[in-house]
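Single-letter residue listing:
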Amino acid sequence: MSTNVRVRFAPSPTGMLHIGGLRTALYNYLFAHHNKGKFILRIEDTDQNRYVEGAEEDIITSLKWAGMMYDEGPDAGGGAGPYRQSERSTLYKQYAEQLLKEGRAYYAFDTPEEIEAMRERLKTSENTNPKYDAVSRQHMTNSLTLSQDETTSRLDSGAPYVIRLKIEPGETVQFNDLIREAVSFRTDDLDDQVLMKSDGLPTYHLANVVDDHLMDISHVIRGEEWLSSAPKHILLYRYLGWEAPVMAHLPLIMSPAGGKLSKRNAEALGIPVNVRDYISGGYEPDALINFLAFLGWSPGDDRELFRMQELIEAFTLEDVSKSGAVFNIDKLTWYNEQYMRSRTNDTLVEALKAELLRSGITGYNDAYLDSVVELMKERVSKTSDMVTQGMFFFAPPTDYDEKATAKAWKTQTPLLLEEFLAEVEQLPAYTAVALKETLSQVVERNGVGFGKLMLPARIAITGTGGGPDLFETMELLGKDEVMNRVKTALKKV
RNA sequence: GCCGCGUUCGUCUAGGGGCCUAGGACGCCGCCCUUUCACGGCGGUAGCACGGGUUCGAAUCCCGUACGCGGUACCA
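What counts as what
Residues numbered from 1 in each chain as written. Chains lettered and ligands numbered in written order. Predicted model: local features only at pLDDT ≥ 70, side-chain atom pairs only at ≥ 80, totals over all residues. Heavy atoms only, no water. Helix = DSSP H or I, 4+ residues; strand = E, 2+ residues; numbered from the N terminus. Rg over C-alpha atoms; globule rule 2.2 N^0.38 Å. Buried < 20%, exposed > 50% of the residue type's maximum accessible area, 1.4 Å probe, protein only. Contact = heavy atoms within 4.5 Å. Areas by Shrake-Rupley, 256 points an atom, 1.4 Å probe, with all protein chains shown as cover. Lys, Arg positive; Asp, Glu negative; His and termini not counted. Charge placed at Lys NZ, Arg CZ, Asp CG, Glu CD. Pairing = 2+ DSSP bridges. Axes fitted to C-alpha atoms, helices over the stretch in contact; angles between N-to-C directions. Near = heavy atom within 4 Å. Polar contact = N/O pair within 3.5 Å; in protein donor to acceptor, adjacent residues only side chain to side chain. pLDDT = per-residue confidence, 0-100. Domains from an automatic or database assignment. Parallel < 35°, antiparallel > 145°, perpendicular 65-115°, else oblique. Left-handed = near helix turned anticlockwise from the far one by under 90°. Nonpolar A, V, L, I, M, F, W, Y, C, P; charged D, E, K, R; others polar. Core = buried A, V, L, I, M, F, W, Y, C linked by side-chain atoms within 4.5 Å. Patch = residues over 30% accessible without salt bridge, like charges linked within 9 Å, V, L, I, M, F, W, Y side chains within 5 Å. Salt bridge = Lys/Arg side-chain N within 4 Å of Asp/Glu carboxyl O. Expected span 1.5 Å × (residues − 1). Phe/Tyr/Trp six-rings, centres within 6.5 Å; stacked < 30°, edge-to-face > 60°. Lys NZ or Arg CZ within 6 Å of the ring centre and 35° of its normal. Right-handed = clockwise from strand over helix to strand, strands pointing away.

Undergrad: Is there a simple way to think about the overall build of chain A in this case?
TA: Summing up its helical and strand segments, chain A has 21 helices and 11 strands in all. Over its C-alpha atoms chain A spans a radius of gyration of 32 Å, topping by over 25% the 23 Å that the globule rule assigns to 493 residues. Reported as C-alpha extents along the three principal axes, the dimensions of chain A are approximately 105 × 50 × 40 Å. Put simply, chain A has 493 residues, and 49% of those count as buried. Long-range contacts, defined here as pairs at least 24 residues apart, represent 74% of the contacts in chain A between residues at least 6 apart. Surface summary for chain A: the accessible area is close to 23,000 Å², and the carbon and sulfur share equals 48%. Charged side chains in chain A number 54 positive and 73 negative. The centres of these two groups are separated by 2 Å.

Have a look at this one:
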């Protein structure tokens, strides 16, 4: 397991890359690198109806943003391509025919309506969802019930058909999942899965098996939602005469509201489901990766902070847990803070510039932005917060925090502020130290507490009751700006 | 309904028969630092789903129950 590891991340371009998909990709990536193997990206676009424009690009950009470059893929080349299933159609047909020839599959001509009618007919309280299987297939229109001539003539006439896997009842399919150990299913519970759809394209089940074999995939690492169909895949490998890759079914990522994380039950709770939302939300890739890695995996000791390379070294599938993990956005926030604070001011300035640009704010030099970063980095969670919470560095406050104002703005406040203003006006050197000294003097002279003046000044200048050191902020903003803001506040509050 | 998988603090988890009066992290609470917000430091809160076994001994092994989740498509 140390030289020939080849794993793949095989998303289907039916939407923007899901955060759960990113974790699946991550585990594949970590496993591949830990074992000095290859990580492959394969696009599973066999469902024409669900294809979403731009989805493939989104998957690729997201993966690259997260620092997970693949060794082979649609835009990366590789010896086992093409890496888009829509470009491999003839391959699947060929293997479906092999299965047909060997009696492992058969043609079926039933319309969706006829299948639906069959289900209605067979439905009981004991069996609410009848299958197309060894029993029901005998009453349907397929090459098993039709004469050879009839089948041939239907095929020749161009009648629509699908190819279904012929499941033999009475068997048990067992396999050893790397995460769940022995898993077994009875074939009686499996249905005659459609392998080739009437549009001539394969279903996931066939395509995935054919491609994994042809691409020499050693380990299939995917979400638990595939566990139920794994026995069909095992059977397919067996019927095709191939050795099945090792399976590892990952626990699902759950919503705090219950159920698997989906747009519906997550975004209302402030949890974005698309990776692109984390990118645009100002999250650090390292933080997201670290957080995601720990959602279902643990190194077995008390360490919490792992960068990609450290994850690669520590990661094993044996340490992946079996049960679903609830997505805890507070913990992601904590990780993000850790990584953000570990960055140099220079890179943070770049991030801040990008954020400002998105808000249409320009015209600040690097020295100014560096000071903003210095003042803000310890008290925000994401780079984007430096703009949202530090807007007062770029524009005067438009309104004043009600709670803080109610608490701090008293009748004597305007008098104190005016006195402070007058002193500041006279200041020979406008610096944070001098400003603090001045404020102290005013406060002392009036026999009131420090906060009696400091807080109102803060509200007047920044609009809020909290934030970075007020005097540093005042120095950065400049004398004129500060004077104007206080005067405005005196009128407006 | 049927099939499968799972179940340790609110959440992520460590734990693989005695080291566990169950450890860490997030969150929350308190204290310290700070004449402001934070950062930081220290401390606290809280958990082995339930019932039977096996064993000298069970969070750890077995069985059952409950609950949760997934699957049950010509979607992936």
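Once you've had a look at it, read on.
Undergrad: I keep staring at the sheet that holds strand E7 (residues 194–196) and nothing clicks. Help me out?
TA: Note: strands within a sheet are paired through backbone hydrogen bonds, in either parallel or antiparallel orientation. Read from one edge of the open sheet, 3 strands run E3-E4-E7, paired in antiparallel fashion. The open sheet has two free edges, formed respectively by strand E3 (105–108) and E7, since each of these has just one partner strand. Taking the axes of each pair of neighbouring strands and ignoring which way they run, one obtains an average angle of 40° across the sheet. In this sheet, strand E4 (residues 162–165) lies alongside E3 in antiparallel orientation, the contact comprising 4 bridges. Directly across from Ala105, in E4, lies its bridge partner Leu165.

Undergrad: Mind showing me how you'd approach the protein's contact with RNA strand B here?
TA: Taken together, 64 residues form the shell around RNA strand B, and within it Glu126, Lys197, Arg379, Arg458 and Asp469 come nearest. Those atoms of RNA strand B that come within 4 Å of the protein belong to sugar or phosphate at a rate of 70%. Taking Ser298, its side chain carries an N or O atom lying 3.4 Å from a sugar or linking oxygen of RNA strand B. Within the side chain of Trp334, an N or O atom sits 3.3 Å from a phosphate oxygen of RNA strand B. Those elements that place two or more of their residues in the surface near RNA strand B are helix H4 (112–122), E4, strand E6 (181–186), strand E11 (325–326), helix H12 (329–341) and helix H19 (450–462).

Undergrad: So what exactly am I meant to see when it comes to helix H6 (residues 204–214) here?
TA: An α-helical turn contains 3.6 residues, so a residue and the one three or four places further along point in the same direction. Among the 11 residues of H6, 9 are classified as buried, and the element is accordingly described as predominantly covered. For H6, every residue scored as buried is listed here: Tyr204, His205, Leu206, Ala207, Asn208, Val209, Val210, Asp211 and Asp212. A positive phi of about 60° marks Asp216, the residue just after H6.

Undergrad: Would you explain the confidence of the model for chain A in this entry?
TA: Regions with low pLDDT carry predicted coordinates that are not meant to be interpreted in detail. Of all residues in chain A, 99% have pLDDT values of 70 or greater, and the mean over the chain is 95. For this predicted complex, the interface confidence comes out at an ipTM of 0.96, alongside a pTM of 0.94.

Undergrad: Got a minute to help me understand the domain arrangement of chain A in this structure?
TA: Structurally, chain A comprises domain 1 (6–74 + 208–251), domain 2 (89–196), domain 3 (344–390) and domain 4 (402–492). Computed from C-alpha atoms alone, the centre-to-centre distance between domain 1 and domain 3 is 38 Å.

Undergrad: Help me understand the packing of helix H17 (residues 413–426) against helix H18 (residues 432–446), please; the structure alone is not making it clear to me.
TA: When two helices pack together, their arrangement is given by the angle between the helix axes and the distance between those axes. Direction vectors running N to C along H17 and H18 enclose 135°, while the axes themselves pass 10 Å from each other. On the basis of the axis angle, H17 is oblique to H18. Crossing of H17 against H18: the hand is right-handed. The segment H17 lies against H18, with Leu416, Glu419, Phe420, Glu423 and Val424 engaging Leu435, Thr438, Leu439, Gln441, Val442, Arg445 and Asn446. For the contact of H17 with H18, the residue count by class is 6 nonpolar, 3 polar and 3 charged.

Undergrad: What should I look at first to understand the nonpolar core in this one?
TA: Note on soluble globular proteins: their nonpolar side chains tend to be buried together. One finds Ile19, Leu22, Leu26, Leu63, Met68, Leu292 and Phe327 to be the most contacted residues of the largest nonpolar core, which totals 56 residues. Among the elements that make up this core, the one with the highest residue count is helix H1 (residues 19–34) (9 residues). Leaving out residues up to four positions away in the same chain, Leu22 has contacts with Leu17, Leu63, Ala66, Met68, Val275, Leu288 and Leu292. Ranked by size, the runner-up nonpolar core spans 50 residues in total, among them Leu352, Ala408, Leu417 and Phe420.

Undergrad: Can you help me understand the environment of Gly300 in this one?
TA: Checked against the element boundaries, Gly300 lands in the loop between helix H10 (285–293) and helix H11 (308–314). Put simply, Gly300 and Gly363 are 63 residues apart on the chain and 49 Å apart in space, counted from C-alpha to C-alpha.

Undergrad: Can you walk me through a negative patch on the surface in this structure?
TA: Together, Glu374, Glu378, Asp469, Glu472 and Glu475 make up a region of like negative charge exposed at the surface. Its location among the elements puts Asp469 in the loop between H19 and helix H20 (470–477).

Undergrad: When you look at H1 in this model, what are you seeing that I'm missing?
TA: End to end, H1 covers 22 Å across 16 residues, agreeing with the expected 22 Å (1.5 Å per residue, within 8%). Within H1, 14 of the 16 residues are buried, which leaves it mostly tucked inside the rest of the structure. A positive backbone phi angle near 55° is found at Lys36, which sits one or two residues after H1.

Undergrad: Teacher, can you tell me more about the environment of Glu481 here?
TA: By the element assignment, Glu481 lies in helix H21 (residues 479–492). On a C-alpha basis, the gap between Glu481 and Ile271 in space is 38 Å, while along the polypeptide they are 210 residues apart. Within the local environment of Glu481, its side chain forms a polar contact with the side chain of Arg485, the two groups lying 2.7 Å apart.

Undergrad: How do you make sense of the packing of aromatic side chains when you look at a structure like this?
TA: The relative placement of two aromatic rings is captured by the distance of their centres and the angle of their planes. Evaluation of the coordinates by the stated rule reveals 22 aromatic pairs. Plain terms: the ring middles of Tyr364 and Phe394 are 5.0 Å apart, the flat faces sit at 80° to each other, and that makes the pair edge-to-face. A residue pair is termed long-range when its members are at least 10 positions apart, and Tyr364 in the loop between helix H13 (345–358) and helix H14 (366–376) and Phe394 in the loop between helix H15 (385–388) and helix H16 (402–408) qualify at 30 residues. The class of Phe394 is buried, set by a relative accessible area of 10%. One aromatic cluster is present, built from ring pairs that chain together Tyr27, Tyr278, Tyr283, Phe291, Phe294, Trp297, Phe306, Phe315, Phe327, Trp334 and Tyr335. A cation over a ring is seen here: Arg23 above Tyr27, with NZ or CZ 5.0 Å from the ring centre. Between Arg154 and the ring centre of Phe109, over which it is positioned, the NZ or CZ distance is 5.5 Å.

Undergrad: Hey, could you run me through the pairing of strand E9 (residues 246–250) in this one?
TA: Two faces belong to every sheet, and in a regular strand the side chains alternate between them. Within E9, 4 of the 5 residues are buried, which leaves the element mostly enclosed by the surrounding structure. The sheet contact formed by strand E8 (residues 219–223) and E9 spans 5 bridges and is parallel. Bridge assignment links His219 to a residue of E9, and that residue is Val246. The β-α-β motif built from E8, the intervening helix H7 (residues 230–240) and the parallel element E9 has right-handed crossover chirality.

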